[in-house]
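# Notes for the structure review
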Amino acid sequence: MFAPHEINLMYQKTAILIFTRTSGAEARHKLSGDQLSYGTNQRICAELITKTRRAAQQTNFSVIEIDSDQQIGHNLGERLSNSIESVFQAGFEQILVIGTDTPDISKKLLQTAAQQISHTQASLGASKDGGAYLIGFHKNQFDKTDFSNLDWESDRVFDALVDYFSIQGTAIYSTKTLQDIDSFYDLMQFLKQSVSSLFVDTLQRLVDSSTAITRQLTPSFQISTGYNLYNYNRPPPFHV
């Protein structure tokens, strides 16, 4: 257990970095070409961003949000590394980096992950597709060049991060594996498997409304949960 002064120090030195696209950019990049309209996709992405932001703010850690309009760099690795560097330059010693497409991320999960970070240990959260929805570490474990050059454009980002920290001799605390939403199929799987809540019900209403309009415009259209109907040119597994 942490002593009260240790808990206060952890909150002072830890920041959560929400690294994301704007809702419009998210809709174009992740759900574009699938079964829903762009407007509906943007509203869904906005709901995901809001839910992530709320979970981060509930932790009482400092929350820094850097979206695609603010990021600097020619590729994902550069944009992410530059954003992380800016957080450490602001005086924080520990960071939790999260995206906005993992709806089951929670206050408790973030707090637990932060508590596990030390000079000798990092925290990682794996996505079901091989990506990472959470990366937490101390500033002494950050090598900007090596981090930027990780294989962010592959389906083994989580394994690459494990290798990155293991080479340093850093232990790894793994949070539970979660599903992220990169496509209409992912969205439908999430809704199918989730317990009813205000958030889940809101997403379901958006889907139902959009697909109802589509059926009216094209009477022969039928929604399928099969892979063959959807766009699987997916973004990098870190989903940012």
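Residues numbered from 1 in each chain as written. Predicted model: local features only at pLDDT ≥ 70, side-chain atom pairs only at ≥ 80, totals over all residues. Heavy atoms only, no water.

### Let's talk about the overall build of the protein chain
So the rule is basically this: Put simply, DSSP H or I for four residues or longer makes a helix, DSSP E for two residues or longer makes a strand, and each gets a number counted from the N terminus. Buried, partly exposed and exposed residues are distinguished by accessible area as a fraction of the type maximum, computed with a 1.4 Å probe on protein chains only: under 20%, between the cut-offs, and over 50%, respectively. Two residues form a contact once any of their heavy atoms are found within 4.5 Å. Surface exposure here means Shrake-Rupley accessible area, sampled with a 1.4 Å probe, where a residue is shielded only by the protein chains that are shown.
Check the secondary structure of the protein chain and you find nine helices and six strands. Looking at the protein chain as a whole, 50% of its 240 residues qualify as buried. If you take every contact in the protein chain between residues at least 6 apart in sequence, the share linking residues at least 24 apart comes to 71%. Carbon together with sulfur atoms contributes 48% to the accessible area of the protein chain, which is approximately 11400 Å² in total.

### Some points on the nonpolar core
The test is simple: Here, nonpolar core means buried Ala, Val, Leu, Ile, Met, Phe, Trp, Tyr and Cys residues that are tied together by side-chain atoms lying within 4.5 Å of each other.
The biggest cluster of nonpolar side chains holds 27 residues, and the ones touching the most others in it are Ile84, Ile135, Phe137, Phe147, Trp152 and Leu161. Broken down by secondary-structure element, the contributors of at least two residues to this core are strand E1 (14–19), helix H4 (76–89), strand E3 (94–98), strand E4 (121–126), strand E5 (132–138) and helix H7 (157–168). In contact with Ile84, not counting residues within four places along its chain, are Leu17, Ile95, Val97, Phe137, Phe142 and Phe147. One finds Leu31, Leu48, Ile181 and Phe184 within the second-largest nonpolar core, a separate group that totals 17 residues.

### Overview of the sheet that holds strand E6 (residues 171–174)
The pairing of strands in a sheet comes from backbone hydrogen bonds and takes either a parallel or an antiparallel form. Which entries qualify depends on this criterion: When DSSP finds two or more bridges between two strands, those strands count as paired. Comment: axis = line fitted to C-alpha atoms, over the contacting stretch for helices; angle = value between 0 and 180 degrees taken between N-to-C directions.
Ordered in space as E2-E1-E3-E5-E4-E6, the six strands form an open sheet in which the pairing is mixed. Each of the sheet's edge strands pairs with one partner strand only, and the pair in question is strand E2 (62–66) and E6. This sheet shows a mean twist of 20 degrees between the axes of neighbouring strands, independent of strand direction. In this structure, E4 lies alongside E5, joined through four bridges in antiparallel fashion. Its bridge partner lying in E5, Ser123 is registered against Gly136. Those strands touched by H7 are E4, E5 and E6, and its axis lies near 175 degrees from that of E4.

### Description of the pairing of E5
When you tally the buried positions in E5, you get seven out of seven residues, the bulk of the element. Relative to E5, E3 is paired through five bridges, and the arrangement is antiparallel. In the sheet register, Leu96 faces E5, and the bridge partner there is Gly136. Linkage of E4 to E5, two consecutive antiparallel strands, is achieved through a turn of five residues, within which Gly130 is found at a positive phi near 100 degrees.

### Structural notes on H4
Note the threshold: In a helix, the anticipated span is given by 1.5 Å times the number of residues less one. It is the directions from the helix axis to the C-beta atoms whose arc is reported.
Here H4 contains 14 residues, and its C-alpha end-to-end distance of 20 Å stays within 8% of the 20 Å for a straight helix at 1.5 Å per residue. Regarding H4, the residues found buried are Leu76, Gly77, Leu80, Ser81, Ser83, Ile84, Val87 and Phe88. Projection of H4 onto a plane perpendicular to its axis shows the buried side chains occupying an angular sector of 160 degrees, all on one side. Those residues of H4 that are buried are in contact with E1, E2, E3, E5 and helix H6 (144–148).

### Here's the deal with a negative patch on the surface
Note the following rule: A patch consists of residues whose relative accessible area exceeds 30% and which take part in no salt bridge; residues with like charges are grouped when within 9 Å of each other, and nonpolar side chains (Val, Leu, Ile, Met, Phe, Trp, Tyr) when within 5 Å. Basic side-chain nitrogens of Lys or Arg form a salt bridge, by our definition, when they fall within 4 Å of a carboxyl oxygen of Asp or Glu. The charge count treats Lys and Arg as positive and Asp and Glu as negative. His and the chain ends do not count. By convention, the point assigned to a charge is CZ for Arg, NZ for Lys, CD for Glu and CG for Asp.
A cluster of acidic residues, Asp151, Glu153, Asp155 and Asp159, forms a negative patch at the surface. Tracing the chain through its elements places Glu153 in the loop between H6 and H7. For Glu153, a relative accessible area of 56% corresponds to the exposed category.

### Side note on the packing of helix H2 (residues 23–31) against helix H3 (residues 38–58)
Working note: a packed helix pair is described by the angle between its axes plus the distance between those axes. Keep this limit in mind: An angle below 35 degrees is treated as roughly parallel, one above 145 as roughly antiparallel, one from 65 to 115 as roughly perpendicular, and anything else as oblique. Helix crossings are classified by the rotation of the near helix relative to the far one: an anticlockwise turn of less than a right angle makes the crossing left-handed, while a clockwise turn makes it right-handed. Here the term charged refers only to Asp, Glu, Lys and Arg, the term nonpolar to Ala, Val, Leu, Ile, Met, Phe, Trp, Tyr, Cys and Pro, and the term polar to all other amino acids, Gly among them.
Where H2 contacts H3, the two axes come as close as 8 Å, and the packing angle between them is 115 degrees. In terms of their interaxial angle, H2 and H3 are classed as roughly perpendicular. H2 and H3 meet at a crossing whose hand is right-handed. Between H2 and H3, the contacting residues are Ser23, Gly24, Glu26, Ala27, Arg28 and Leu31 on the first element and Tyr38, Asn41, Gln42, Ile44, Cys45, Ala46 and Ile49 on the second. For the contact of H2 with H3, the residue count by class is seven nonpolar, four polar and two charged.

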